[in-house]
Amino acid sequence: MGIFGFPLVLLFVVLVVNPGDGFYLPGSYMHTYSKNEAISIKVNSLTSIETEMPFSYYSLPYCQPPEPEGIKKSAENLGELLMGDLIENSPYRFHMYVNESLYLCTTPSLNEHDVKLLKQRTRDLYQVNMILDNLPAMRYTDQNGVKVQWTGYPVGYPASGSNEDYIINHLKFKVYVHKYEGSGVQIIGTGEEGMGVTTLNDQKAMAGYEIVGLEVVPCSVRRDPETFSKLNMYDKVDPVSCPDPEKAQVIREQEKVSFTYEVEFVDSSIRWPSRWDAYLKMDGARVHWFSIMNSLMVIFFLAGIVFVIFLRTVRRDLTRYEELDKEAQAQMNEELSGWKLVVGDVFREPTCSKLLCIMVGDGVQITGMAVVTIVFAALGFMSPASRGMLLTGMIILYLFLGIFAGYFGVRLWRTIKGGSEGWTSLCWSIACFFPGVVFAILTILNFILWGSNSTGAIPISLFFILLSLWFCISVPLTLLGGFMGTRAEHIQFPVRTNQIPREIPARKYPSWLLVLGAGTLPFGTLFIELFFILSSIWLGRFYYVFGFLLVVLLLLVIVCAEVSVVLTYMHLCVEDWRWWWKAFFASGSVALYVFLYSINYLVFDLRSLSGPVSAILYLGYSSIMAFAIMLSTGTIGFLMSFYFVHYLFSSVKID
C-alpha cells in the first residue's frame, strides 16, 4: 500500500464510510416527495447562547420514537462531532400535503430531577433544533416592530410576574412546498447544494413536491392528562390556538405533560436552489463594504509610506553611494548613519532561531488552510446545508498542508544556520507545536464538557481518530516537506556577518511598544468582519458572506506585509539589527487585539453568558483562534520583511 496507504484508508473511513447526513458533495440532488408520503423530522442537540454547552434532545423528558424503531443516531462526520452536533430521529411524523393535528404522548408525573432540569434549561434559554429534509426549523418573533428570525424554538419560557416556568408542549408546523412539474431536460439542483439533471424518462419518478421551508410556532397548552393518556400515539386531536398564560402548561412536580403537534402544508413559489436564501439572508451589507473601504484607506496610506521608503530614501541613498569612487566611499562610510551601518549584523542569527522557524512553518500551514478554505467556501463548495463540512475541510487541508510547513521551516533553518543539521527534529517540532497547544487546550475544555454531560464533549474514540490523523498524515507530510527543503536551493545572504555584534544605540522608549502598536492597523482591517464571525459562532447565526471574508483576508495580507516592512525599515534606520522577531510580531501582534476584542465581545455582547464554566469555554476557544491568527499574520509579515531586507542589502556593494 505504500507509506501513505494507511492514512488514505483512515481518511476513507472517516469521510466516506461515515459521512453523515449533512455531508454533501457537489452533484447531490434534491428529494421530491409524492402526496401522502411519510416524512420524518430529526432533532439536533439542544443549544444555548448563555452556556454554549450543547445537550442531547432526549436528556429532557420528551416523547420518544415508538418501538421497535426507538432512538437512532444519524451518522455524523468529523466536523459535526467536533461541533457537538448529535442528530437523532424523533417521533414527529408528517404526510406530504396532508394537514393534520396529532397527539404524541403524555409523560409520567414529573419528578424533582425532571422539574429542576427543565427549569434550568428554560432559564438558560436552551433551544430545540429540528431538521426536515436537511432544513433547520425557523421561527419568527416580533421585537419592537421588527420581525426577527431564529432557528429552533425554546424549551420553555418563564412566567411574567411569578416564579413559574412554562414548557413548550405543542408545535404548529408550517411546511413550505413547491410542486415540481418538469418538462424536457431541467436542472433540479444548483448552487451550494450541487446540481442534478432530469430527463423526460425521469419525470414520473421525480414528480411530486419539494420541501423549501420549515417554520415552527411553539405553544404551551395545558391538557387534561387523564383524557390524553388514553390516546394512542398519532391519534387525531383538535387544533388549538396558542392560549394565554393562564392556560399554559406549568413545569411543576407531579404534573403530567401531554405533547401534541399540528402541521400545515403551504404552497410556495420558492424553488429548490433558493430554499436556503431565507437562512443565509445577509444583513448589514453596508457595514461589510464600510469595512472594506476602511481597509483600502489603510492600505493606500501604508503603500504611500513604502513607496517613499523605496523610491525616495533607499534608491536615493544607493544611487549616491554607487556614484562615489572607493576613496569617497570609505570616507562616506565614516559618516554613514542608519540602516547602512548594520550591514555586518543585519543577518546575524536571531535568538531562539529554532522557535522562529517552527512558528513560521506552522504559520504557512495555517495561512494556506485559511486561504484555500475561504476560496472554496466563497465558490459555494461548503454550504451550510452540508453540516460540519467547513470544519472537516479545514482539518483535512491542515493535515495535507503539513508538507509546506516542513518545506518553509527547513529552508529558513538552513538559511539561518547555513546547513541542514537537525532538520528532522525541527520538522517534528513543527508538526507538534500548534496542534499540541490546541490539543492541550481542547483536552482541558473537554474535561469540563464531560463533567457537564454535554454533547459538545469529544468522544474518546474521536480523540484516537484525531491523533491517528495527526501522526499518520500531518507528521509524515511535514517530514517529507522538510526533506524537500534540504534539497532546495540554498538562500545565500548578500553580505557577510561580522564576528563581533555591533552595539545598538540606547532609545528613549522600548522598541517593542512600537511593535505592539503596529498590530492596530491589521486589526482595523478585520475587526468588523470579526464581529460577524463571533456572532455566527456564539449566537447561533449562519455566516455565509465568504465573498466579503475573502476580500478582507486579501486586504489583511497586504496590510500585514506593509506594516512589517515599514517597522523593519524603521528599526534598521535606528541601527537596531535585531529585526527578525520584531518583523514577526509587528503584524502578529494583531492577535493580541483580537483576543482583547473577544473579551470585549464577551462582556458587552454576550452579557447573557452565564457561569464561570461558559466563560472558560469561551476564553479557551478564543485563545485558540488568537494563537492561530498570531502565527498566520506573523508569518506573512516576517516573510515579506525577510524579502525586503534581503533585497535591500543585495543592492549594497561590499568590498
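- For the chain, the name recorded in an unreviewed UniProt entry is Transmembrane 9 superfamily member 2/4 protein, with Dioscorea alata as its organism.

1. Notes on the overall build of the chain
Here comes step 1: A tally of helices and strands in the chain yields 18 helices and 16 strands.
Here comes step 2: Counting all 655 residues of the chain, 51% fall into the buried class.
Here comes step 3: If you take every contact in the chain between residues at least 6 apart in sequence, the share linking residues at least 24 apart comes to 83%.
Here comes step 4: With an accessible surface of roughly 30700 Å², the chain has 62% of that area assigned to carbon and sulfur atoms.

2. Some details on the packing of aromatic side chains
Here comes step 1: Under the criterion given, the structure shown has 41 aromatic pairs.
Here comes step 2: Each ring, one from F638 and one from F642, has its centre 6.3 Å from the other, and the planes form 35 degrees; the classification is tilted. On the criterion of helical spacing, the pair formed by F638 and F642 is a turn pair, its members being 4 residues apart in helix 18 (residues 611-650).
Here comes step 3: On the accessibility criterion, F642 (12% relative accessible area) is buried.

3. Comments concerning the confidence of the model for the chain
Here comes step 1: When the pLDDT values of the chain are averaged, the result is 80; 81% of them are 70 or greater.
Here comes step 2: Here residues 183-204 scores under 50 on pLDDT; set against residues more than four positions off or in separate chains, the count is 49 contacts.
Here comes step 3: In this model, residues 325-336 is a region of pLDDT below 50 whose contacts with residues beyond four sequence positions or in other chains number 10 contacts.

4. Some words on the pairing of strand 2 (residues 88-95)
Here comes step 1: With 7 of its 8 residues buried, strand 2 lies for the most part within the structure.
Here comes step 2: Across 5 bridges, the pairing between strand 1 (residues 38-43) and strand 2 is antiparallel. Residue pairing across strands places A38 opposite H95, the latter belonging to strand 2.

5. Examining the state of the cysteines
Here comes step 1: Going through the model one piece at a time under the given rule, you end up with 2 disulfides.
Here comes step 2: Sulfur-sulfur distance for the disulfide between C63 and C105 comes to 1.8 Å. Its S-S torsion of about -90 degrees marks the bond between C63 and C105 as left-handed, since a negative value means left-handed. Placement of the pair is C63 in the loop between strand 1 and helix 2 (78-83) and C105 in strand 3 (residues 100-106), with a sequence separation of 42 residues.
Here comes step 3: Note that C219 is cross-linked by a disulfide to C242, the S-S spacing being 1.8 Å. Placement of C219 in strand 15 (residues 208-219) and of C242 in the loop between helix 5 (225-228) and strand 16 (258-267) is noted, with a sequence separation of 23 residues between them.
Here comes step 4: The exposure class assigned to C219 is buried, which follows from its relative accessible area of 2%.
Here comes step 5: For C242, a relative accessible area of 39% puts it in the partly exposed group.
Here comes step 6: For the chain, the bonded cysteines pair up as 1-2, 3-4 when numbered in the order they occur along the sequence.

6. Examining the pattern of salt bridges
Here comes step 1: Applying the stated criterion across every chain, the model contains 13 salt bridges.
Here comes step 2: One salt bridge connects K417 with E349, and the closest N-O pair in it is separated by 2.8 Å. Residue K417 is found in helix 10 (residues 402-417), and its partner E349 is found in the loop between helix 7 (326-335) and helix 8 (353-378); the two are separated by 68 residues along the sequence.
Here comes step 3: For E349, a relative accessible area of 37% gives the class partly exposed.
Here comes step 4: Within the structure, one salt-bridge network assembled from shared partners comprises E164, R222, R252 and E255.

7. Focus on the pairing of strand 16
Here comes step 1: Within strand 16, 7 of the 10 residues are buried, which leaves the element mostly enclosed by the surrounding structure.
Here comes step 2: Pairing between strand 12 (residues 170-180) and strand 16: 8 bridges, direction parallel. Each bridged residue has a counterpart across the sheet, and for K174 the counterpart in strand 16 is E264.

8. Some remarks on the nonpolar core
Here comes step 1: Membership of the largest hydrophobic core comes to 64 residues, with the highest contact counts inside it found for Y92, F94, M130, L171, F173, V175 and I211.
Here comes step 2: Listed in part, the 49 residues of the second largest apolar core include C357, W579, L631 and F644.

9. Some points on the sheet that holds strand 6 (residues 135-136)
Here comes step 1: Pairing in this open sheet of 4 strands is antiparallel, and the strands run 2-1-5-6 from one edge to the other. Either end of the sheet is taken by a strand with one partner, and the two such strands are strand 2 and strand 6.
Here comes step 2: The pairing of strand 1 with strand 5 (residues 130-132) spans 2 bridges and is classified as antiparallel. Directly across from V43, in strand 5, lies its bridge partner M130.

10. Considering the packing of helix 8 against helix 11 (residues 423-451)
Here comes step 1: Between helix 8 and helix 11, the shortest axis-to-axis distance is 9 Å and the interhelical angle comes to 55 degrees. Comparing the axis directions of helix 8 and helix 11 gives the class oblique. Crossing of helix 8 over helix 11 shows right-handed handedness. Residue-level contacts link K354, L355, C357, I358, M359, G361, D362 and I366 of helix 8 to S425, L426, S429, I430, F433 and F434 of helix 11.
Here comes step 2: A per-class count over the contact of helix 8 with helix 11 returns 9 nonpolar, 3 polar and 2 charged.

11. A short note on the packing of helix 13 (residues 511-518) against helix 14 (residues 520-538)
Here comes step 1: Taken N-terminus to C-terminus, the directions of helix 13 and helix 14 make an angle of 15 degrees; their axes are 5 Å apart at the nearest point. Here helix 14 runs roughly parallel to helix 13, going by the angle between their axes. Counted together, L516, G517 and A518 of helix 13 and T520, L521 and P522 of helix 14 form the full contact between these two elements.
Here comes step 2: Its residues assigned to classes, the contact of helix 13 with helix 14 shows 4 nonpolar, 2 polar and no charged.

12. Quick notes on helix 10
Turn by turn, an α-helix covers 3.6 residues, leaving residues three or four places apart pointing in a common direction.
Here comes step 1: With 16 residues, helix 10 should cover 22 Å at 1.5 Å per step; its first-to-last C-alpha distance of 22 Å lies within 8% of that length.
Here comes step 2: Looking at helix 10, one finds that the buried residues are G402, I403, A405, G406, G409, V410, L412, W413, R414, T415 and I416.
Here comes step 3: Positioned one or two residues after helix 10, G418 has a phi angle of 80 degrees, which is positive.

13. Digging into the environment of I395
Here comes step 1: Secondary-structure assignment places I395 in helix 9 (residues 389-400).
Here comes step 2: Judged by its relative accessible area of 18%, I395 is buried.
Here comes step 3: Remark: the alpha-carbon pair of I395 and L78, spanning 317 residues in sequence, is separated by 9.0 Å.
Here comes step 4: Discounting residues that sit within four places of it in the chain, I395 has contacts with L78 and L82.

14. Looking at unusual backbone geometry
Here comes step 1: The omega torsion across E67 and P68 is 5 degrees, close enough to zero to call that bond cis.
Here comes step 2: Mapped onto the elements of the fold, P68 is located in the loop between strand 1 and helix 2.

15. Regarding a nonpolar patch on the surface
Here comes step 1: There is a patch of nonpolar side chains on the surface, built from F447, W450, I460 and F464 and spanning about 460 Å² of accessible area.
Here comes step 2: Only helix 11 and helix 12 (460-487) provide two or more residues apiece to the nonpolar patch.
Here comes step 3: Position of W450 among the secondary structure elements: in helix 11.
Here comes step 4: Using a relative accessible area of 34% as the deciding quantity, one classes W450 as partly exposed.

Cut-off values and rules
- Residues numbered from 1 in each chain as written.
- Predicted model: local features only at pLDDT ≥ 70, side-chain atom pairs only at ≥ 80, totals over all residues.
- Heavy atoms only, no water.
- Helix = DSSP H or I, 4+ residues; strand = E, 2+ residues; numbered from the N terminus.
- Buried < 20%, exposed > 50% of the residue type's maximum accessible area, 1.4 Å probe, protein only.
- Contact = heavy atoms within 4.5 Å.
- Areas by Shrake-Rupley, 256 points an atom, 1.4 Å probe, with all protein chains shown as cover.
- Phe/Tyr/Trp six-rings, centres within 6.5 Å; stacked < 30°, edge-to-face > 60°.
- pLDDT = per-residue confidence, 0-100.
- Pairing = 2+ DSSP bridges.
- Disulfide = S-S within 2.5 Å.
- Salt bridge = Lys/Arg side-chain N within 4 Å of Asp/Glu carboxyl O.
- Core = buried A, V, L, I, M, F, W, Y, C linked by side-chain atoms within 4.5 Å.
- Axes fitted to C-alpha atoms, helices over the stretch in contact; angles between N-to-C directions.
- Parallel < 35°, antiparallel > 145°, perpendicular 65-115°, else oblique.
- Left-handed = near helix turned anticlockwise from the far one by under 90°.
- Nonpolar A, V, L, I, M, F, W, Y, C, P; charged D, E, K, R; others polar.
- Expected span 1.5 Å × (residues − 1).
- Patch = residues over 30% accessible without salt bridge, like charges linked within 9 Å, V, L, I, M, F, W, Y side chains within 5 Å.

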